[in-house]
Amino acid sequence: MSSSVDQLVERLLSSGARNSDSSAIRDLLRHAAKEGLISLGGGIPAPELFPVERIIEATATSFAELGAGAAQYGLTEGELELREVAAGLAEEDGAPALPDQILITTGSQQALDLLGRVLVDRGDVVAVDDPAYLGALQALRKYEPELVGIPVDEAGLDTDALEQKLRAGLSPKTIYTNPNFQNPTGATLPSERRAHLVALAHKHDFLIIEDDPYGALRFSGEHLPSMASTSDRVIRVRTVSKILAPGLRVAWTIGPPRLIEALAIAKQAADLHTSTLTQHIAARLVGDTEWFPKHRASLAPWYQVQRDALMAGLASNLGDKLTFTPPDGGMFLWAELHRDLPPGSTTADLLPIAIEHGVSFVPGSAFAVDTPRPAHLRLSYVSASPDQLTEASVRLATAIDAWLD
Ligand SMILES: Cc1ncc(COP(=O)(O)O)c(C=O)c1O
């Protein structure tokens, strides 16, 4: 008897596709677009900060200067003009790069996928932040590595813990980390740990994937240079998603030329190249040395007001039931619930109740690699207004009481 098309497709899917976790949490958040819901879930940048007029202007200038060529097929490596702009930012960061060390990608998410594709054979050891950015875990897991979580504490990746594992025989090809305002913990890696990580990469021969979408969003403290300023083993993954607009899907990766070449070959198979038009737009905006630094500097104060509103709301409504380390920048606050949880339950069980009460968040378990995070919540303060963030704290407190009392 012939099967339904769904049954047929299920049978035909590759093992990789069949085993891809559909993520119950993502589904729940996606369907949680109910009216009045205040989202502390996704790290969706505030649309008020998108330079819409400038994007329109740059689109017109691109066509005025390049004619239809602005929308023609382009090089897989990316438009030279944008790679030169990216090289300029790399220099600003204390680690100059040549255009042939730079690959433009369709968002930094694509870079993570391509890195998995060119570096990981099934069973290869890859070390990652634990907890880690969910999208990086998804991208890497497709290539079936042995992922080893290295604990992240209030000061980012615990490099002593990494060293212990290396001494015990761990031999990773690479380590994936967010050094600035990490997703999900908001933690920033101090200089000493950066130097330690670089020293370990040299001693044990692995590459460091430094994914840094949030570095420009600093509220307090000193900007710390990229680890690439002290080592050629660092692969810098950068994006305009949080500093211009994510819908442009423009990002770049800077690394050793041989790696960039391998990534470019993989990218060619994936999508030929990133949109030429949005590359031209990004090159004009980021390359505008008058406007761009001012625009970039205007973002953090906006998010800081929102962070403060959320922190104040949590302090007055949840007191010491929910503790967190204030992030110095970025988009996320990593909170831990200090109440006895029902045996075997986690904040993933709180999520549907919170949604019923009109607030969403991402449970800690979504980001966990080796260490479960049953009592953690990632709260993003970037998508809601200060008043909404205050209200979200009230709703969260009520939902927690409804769950636990
Ligand atoms: C740590 C991290 N890396 C990469 C990305 C992907 O960003 P994009 O593909 O928009 O550049 C995100 C998105 O939120 C992120 O938080």
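These numbers were taken from a predicted model, which means no experiment stands behind them.

## A word on the sheet that holds strand 5 (residues 156-157)
Two pairing modes exist for strands in a sheet, parallel and antiparallel, and in both the strands are linked by backbone hydrogen bonds.
Part 1: Spatial ordering of the open sheet is given by 2-9-8-7-6-3-4-5, a layout of eight strands whose pairing is mixed. Across the chains shown, the open sheet's two edge strands, defined by having one partner strand only, are strand 2 (102-105) and strand 5.
Part 2: Contacting strand 2, strand 6 (174-177), strand 7 (207-211), strand 8 (234-239) and strand 9 (251-254), helix 6 (residues 107-119) crosses the sheet at an angle of about 150 degrees to strand 8.

## Things to note about the nonpolar core
The nonpolar side chains of a soluble globular protein tend to be buried with one another.
Part 1: Val128, Ala136, Ile208 and Ala282 are the most contacted members of the largest nonpolar core, which has 104 residues in total.
Part 2: It is helix 14 (residues 386-404) that provides the largest number of residues to this core, a total of seven residues.
Part 3: A domain split of this core shows at least three residues from each of domain 1 (14-43 + 294-404) and domain 2 (52-287).
Part 4: Discounting residues that sit within four places of it in the chain, valine 128 has contacts with Ala136, Leu137, Leu147, Gly149, Ile150, Ile175, Tyr176 and Val369.

## Observations regarding the sheet that holds strand 14 (residues 376-380)
Part 1: Taken in spatial order, the four strands line up as 10-11-14-13 in an open sheet, and their pairing is antiparallel. Each having just a single partner strand, strand 10 (322-324) and strand 13 (362-363) make up the two edges of the open sheet.
Part 2: Where strand 13 and strand 14 come together, two bridges link them in antiparallel fashion. Paired with proline 363 across the two strands is leucine 377, which belongs to strand 14.

## A look at the site of the ligand
Part 1: Contacts to the ligand come from 14 residues, most closely from Gly107, Ser108, Gln109, Thr239 and Ser241.
Part 2: Here the element with the most residues in the shell around the ligand is helix 6; it accounts for three residues.
Part 3: Looking at the shell around the ligand residue by residue, the classes come out as four nonpolar, nine polar and one charged.

## Re the pairing of strand 14
Part 1: Buried residues dominate strand 14, accounting for five of its five residues.
Part 2: The alternating pattern of strand 14 places His376, Arg378 and Ser380 and Leu377 and Leu379 on opposite faces, both of which are buried.
Part 3: Relative to strand 14, strand 11 (residues 332-337) is paired through five bridges, and the arrangement is antiparallel. From the neighbouring strand, leucine 333 faces strand 14, where its bridge partner is leucine 379.

## Things to note about the domain arrangement of the protein
Part 1: Along its sequence, the protein is organised into domain 1 (14-43 + 294-404) and domain 2 (52-287).
Part 2: Taking the mean C-alpha position of each, domain 1 and domain 2 sit 25 Å from one another.
Part 3: In this assembly, 26 residues from domain 1 lie in contact with 25 residues from domain 2.
Part 4: Those elements that place two or more of their residues in the side of domain 1 that touches domain 2 are helix 12 (291-318) and strand 11.
Part 5: A total of six residues in the side of domain 1 that touches domain 2 trace back to one element, the largest contributor, which is helix 12.
Part 6: The class makeup of the residues in the side of domain 1 that touches domain 2 is 12 nonpolar, eight polar and six charged.

## With respect to the packing of helix 5 (residues 80-92) against helix 11 (residues 276-286)
Part 1: Put simply, helix 5 and helix 11 touch, their axes get as near as 9 Å, and they point 35 degrees apart. Classified by chirality, the crossing of helix 11 by helix 5 is left-handed. Here Glu81, Leu82 and Val85 of helix 5 lie close against helix 11, whose contacting residues are Gln279, Ala282, Ala283 and Val286.
Part 2: Partitioning the contact of helix 5 with helix 11 into residue classes produces five nonpolar, one polar and one charged.

## Regarding helix 9 (residues 191-204)
Part 1: Taking 1.5 Å as the rise per residue, helix 9 with 14 residues should run 20 Å; its terminal C-alpha atoms sit 20 Å apart, in good agreement.
Part 2: Turning to helix 9, its buried residues are Arg193, Arg194, Leu197 and Ala201. Projection of helix 9 onto a plane perpendicular to its axis shows the buried side chains occupying an angular sector of 105 degrees, all on one side. Facing away from the buried surface of helix 9 by more than 90 degrees, the exposed residues are Ser191, Glu192, His202 and Lys203.
Part 3: Those residues of helix 9 hidden inside the fold are in contact with strand 5, helix 8 (159-167) and strand 7.
Part 4: Of the residues flanking the end of helix 9, it is aspartate 205, one or two places downstream, whose phi is positive at about 55 degrees.

Rules used in this analysis
- Residues numbered from 1 in each chain as written.
- Predicted model: local features only at pLDDT ≥ 70, side-chain atom pairs only at ≥ 80, totals over all residues.
- Pairing = 2+ DSSP bridges.
- Helix = DSSP H or I, 4+ residues; strand = E, 2+ residues; numbered from the N terminus.
- Contact = placed C-beta atoms within 7 Å.
- Axes fitted to C-alpha atoms, helices over the stretch in contact; angles between N-to-C directions.
- Core = buried A, V, L, I, M, F, W, Y, C linked by C-beta atoms within 7 Å.
- Buried ≥ 20, exposed ≤ 12 C-beta atoms within 10 Å, placed from the backbone.
- Domains from an automatic or database assignment.
- Near = placed C-beta within 6 Å.
- Nonpolar A, V, L, I, M, F, W, Y, C, P; charged D, E, K, R; others polar.
- Left-handed = near helix turned anticlockwise from the far one by under 90°.
- Expected span 1.5 Å × (residues − 1).
- Arc of directions from axis to C-beta.

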